[in-house]
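Here is how the chains run, residue by residue.
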Amino acid sequence: MVKPSHAPPWVPSRTPLILAPILLAACAPATAQSPPSPAPAAETDKGTIQVTGQAQILVPADRVSISFGVETEAESARTASALNAERMDEVIGAVRRSGVEGLRIETFGYSLNPEYRTPNRGDPSQRTISGYRATNNIRVILPDVGAAGEILDTAIGAGANRVLTLQFEASDTREARLEALREAVGVAQEEAQTIADAMGVTLGPPLEVRGGASPGEPRVLARAAVMDEMAGIRTPIEAGRQTVSASVTVLFRILEETR
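Residues numbered from 1 in each chain as written. Predicted model: local features only at pLDDT ≥ 70, side-chain atom pairs only at ≥ 80, totals over all residues. Heavy atoms only, no water.

(A) Quick peek at the environment of Ser 247. Note that Ser 247 resides in strand S8 (residues 241–257). Separated by 60 residues in the primary sequence, Ser 247 and Val 187 place their C-alpha atoms 9.8 Å from one another. Contacts of Ser 247, omitting those with residues within four sequence positions, involve Thr 52, Gly 53, Gln 54, Arg 210, Gly 211 and Gly 212. (Helix = DSSP H or I, 4+ residues; strand = E, 2+ residues; numbered from the N terminus. Contact = heavy atoms within 4.5 Å.)

(B) Quick look at the packing of aromatic side chains. Under the definition given, this model contains 0 aromatic pairs. Lying across the ring of Phe 108, Arg 139 places its NZ or CZ 4.3 Å from the centre. (Phe/Tyr/Trp six-rings, centres within 6.5 Å; stacked < 30°, edge-to-face > 60°. Lys NZ or Arg CZ within 6 Å of the ring centre and 35° of its normal.)

(C) Representation of helix H4 (residues 174–199) within the structure. In a regular helix each residue adds 1.5 Å, so 26 residues correspond to 38 Å; H4 covers 38 Å between its end C-alpha atoms and thus fits that length. Buried within H4 we find Ala 176, Ala 180, Ala 184, Ala 188, Ala 192 and Ala 196. Remark: Gly 200 follows H4 within two positions and exhibits a positive phi of approximately 75°. (Expected span 1.5 Å × (residues − 1). Buried < 20%, exposed > 50% of the residue type's maximum accessible area, 1.4 Å probe, protein only.)

(D) Quick peek at the nonpolar core. One finds Ile 66, Phe 68, Val 91, Val 95, Val 140, Leu 142 and Phe 168 to be the most contacted residues of the largest nonpolar core, which totals 29 residues. Setting aside residues up to four positions removed in sequence, Val 91 forms contacts with Phe 68, Val 70, Ile 138, Ala 155, Ala 158, Gly 159 and Ala 160. Counting residues in each nonpolar core, the second largest holds 20 residues, with Ile 49, Ala 170, Ala 180 and Ile 254 among its members. (Core = buried A, V, L, I, M, F, W, Y, C linked by side-chain atoms within 4.5 Å.)

(E) Highlighting the pattern of salt bridges. Taken as a whole and judged by the stated rule, the model has 10 salt bridges. The shortest N-O distance in the salt bridge between Arg 133 and Glu 115 comes to 2.9 Å. Of this pair, Arg 133 sits in strand S4 (residues 128–142) while Glu 115 sits in strand S3 (residues 104–117); the two residues are 18 residues apart in sequence, bridging distant segments of the chain. Between Glu 175 and Arg 174 there is a salt bridge, with its nearest N and O atoms 2.9 Å apart. Residue classification places Arg 174 among the partly exposed residues on the basis of a relative accessible area of 48%. Taken together, the salt bridges that share partners define one network made up of Glu 71, Glu 73, Glu 115, Arg 133 and Arg 162. (Salt bridge = Lys/Arg side-chain N within 4 Å of Asp/Glu carboxyl O.)

(F) View of the sheet that holds strand S2 (residues 63–74). Taken in spatial order, the 5 strands line up as S3-S4-S2-S5-S7 in an open sheet, and their pairing is antiparallel. At either margin of the open sheet sits one strand with a lone partner, and together these are S3 and strand S7 (219–221). This sheet shows a mean twist of 15° between the axes of neighbouring strands, independent of strand direction. Strands in contact with helix H2 (residues 77–96) are S2, S3 and S4; relative to S2, the strand with the most contacts, it is inclined by about 150°. Where helix H3 (residues 148–158) meets the sheet, its contacts fall on S2, S4 and strand S5 (162–169), and the angle it forms with S2 comes to roughly 10°. (Pairing = 2+ DSSP bridges. Axes fitted to C-alpha atoms, helices over the stretch in contact; angles between N-to-C directions.)

(G) Expanded view of the environment of Gly 146. With respect to the helices, strands and loops of the structure, Gly 146 is situated in the loop between S4 and H3. What makes Gly 146 exposed here is its relative accessible area of 64%. In this structure, the C-alpha to C-alpha distance between Gly 146 and Ala 239, residues 93 residues apart in sequence, is 7.9 Å.

Structure (structure tokens):
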């Protein structure tokens, strides 16, 4: 005869609930826990090489700016100013009648100042006004550099008695700047490759580039140089060329050693 069991009622086991997370973790893909693969040896950073490349392009000047003026003196300010205005009108009229197409005239730097007389003793407090000096300057911009000498002769013949500067420049330097940049980059690459070859390493890609191109400074003849150019009557004035320059600094990566 089987005796009745006095065991407590059956209670579901909780063990599967505890083991489930452990089993799930054990079944997770192995790749999720794997470390990243190392980079190929050829791409390993071994340092850098920094070089600077420079280039210059000469551009013929095709525009000229001429600055000259009229200076007059008189006992009174009114007379000095009126005489200056009359003479400057003659100069401007003569320049406009020169027949050079496309020229522009700008007025700048007008002044009217007293002139002083100092006694023989040299005491500044005893000086007196002896007259007045009026000065008026104009700038003529020409699209034809070959007409520079003609315009100067014309202005001086009409009464201009002050020659300031001649400035020759290239009106468009865009293509020259781009070409200078290309050449500067090429120089930098060539120098970096030469260094890498000498070190026995592989030159990597550029990491950083700095630099740019400059349109350059126009060729300027100061007053003394202008007078030297004009030593001979109607002697042609050489315009010369404008220098466009570029400079770039490039930082290259060094890769694996080649030997």
